[in-house]
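# Structural characterization, general
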Amino acid sequence: MQVLETARDLDLPDWLIFSGAVYQRVLNHLTGRDLDYGIKDYDLGYFDPSDISYEAEDLVIRRVAAAFAPPLSELVEVRNQARVHLWFEAKFGEAYAPLTASAEALGRFVSPLFAVAVRLERDGRLTILAPFGLDDLFALRLRPNPLRRTNGFARAAASVTARWPELTVIN
């Protein structure tokens, strides 16, 4: 909640907390682990197409880090989803078309299990986005994204099942 409350107060455009910060806590709950077990970072995505330069994103990264006390200041990883297409191929070896909104990124995640996001609204409600639904998450099922096959599934599956061996992997 601290991450969600701070992200809400920062009021970044079209922001979401997604991926591991969401699905890993659910896996921990379902498997009886400590809620913080296995969580490497908190992914905070926002969408600002008005300036997709590295410098503009870096200003936001520093602003977000300053809003959190350690260790969260080092664990919240911020990315402008409007500029992911500029660096994705060099990092992951796959083309990545420009996005039009933060939520659109979820449909491109390696697995439906990972494609879950949340935003804390001003009135305290949670908005939960899961374009593939939540069945895979609650069934502890890891399968490739049916809409976008990537080279990263095997690597991601190995990483996740090392921490949560209860997962069933479907290739």
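Rules used in this analysis
- Residues numbered from 1 in each chain as written.
- Predicted model: local features only at pLDDT ≥ 70, side-chain atom pairs only at ≥ 80, totals over all residues.
- Heavy atoms only, no water.
- Helix = DSSP H or I, 4+ residues; strand = E, 2+ residues; numbered from the N terminus.
- Rg over C-alpha atoms; globule rule 2.2 N^0.38 Å.
- Buried < 20%, exposed > 50% of the residue type's maximum accessible area, 1.4 Å probe, protein only.
- Contact = heavy atoms within 4.5 Å.
- Areas by Shrake-Rupley, 256 points an atom, 1.4 Å probe, with all protein chains shown as cover.
- Lys, Arg positive; Asp, Glu negative; His and termini not counted.
- Charge placed at Lys NZ, Arg CZ, Asp CG, Glu CD.
- 1 Å grid on protein atoms, 1.4 Å probe; cavity = no way out; pocket = protein on both sides within 12 Å on 5 of 7 lines; lining within 4 Å.
- Points joined across faces, edges and corners; volume = space filled by probe spheres on them.
- Nonpolar A, V, L, I, M, F, W, Y, C, P; charged D, E, K, R; others polar.

Helix and strand content of the protein chain: seven helices and seven strands. Put simply, the protein chain runs from its N terminus to its C terminus through helices and strands in the order α-β-α-β-α-α-β-α-β-β-α-β-α-β. Taking 16 Å as the expected radius of gyration for a compact globule of 171 residues, we find that the protein chain reaches 16 Å, a close match to that expectation. If you line up the protein chain on its principal axes, its C-alpha atoms span 40 × 35 × 25 Å. Considering the protein chain as a whole, with its 171 residues, one finds that 46% of them fall into the buried category. Intrachain contacts of the protein chain at a sequence separation of at least 6 include 66% that bridge at least 24 residues. Put simply, the protein chain shows about 8,700 Å² of open surface, and 55% of that area lies on carbon and sulfur atoms. Charged side chains in the protein chain number 19 positive and 23 negative. The centres of these two groups are separated by 4 Å.

Of the volumes computed, that of the largest pocket is approximately 1,000 Å³. Lining the largest pocket we find 36 residues, and of these Ser 19, Asp 43, Glu 77, Phe 92 and Phe 109 sit closest to its centre. Put simply, the parts of the chain that give the lining of the largest pocket at least two residues each are α2 (20–31), β2 (42–46), β3 (76–80), α5 (84–92) and α7 (153–163). Estimates place the volume of the second largest pocket at around 510 Å³. Contributing to the lining of the second largest pocket are 21 residues, with Leu 4, Ala 21, Val 22, Arg 25 and Val 118 lying nearest its centre. Elements with a minimum of two residues in the lining of the second largest pocket: α1 (2–10), α2, β4 (117–120), β5 (126–129) and α6 (135–138). Sorting elements by how many residues they give to the lining of the second largest pocket places α2 first, with five residues. Of the residues belonging to the lining of the second largest pocket, the class tally is 18 nonpolar, two polar and one charged.

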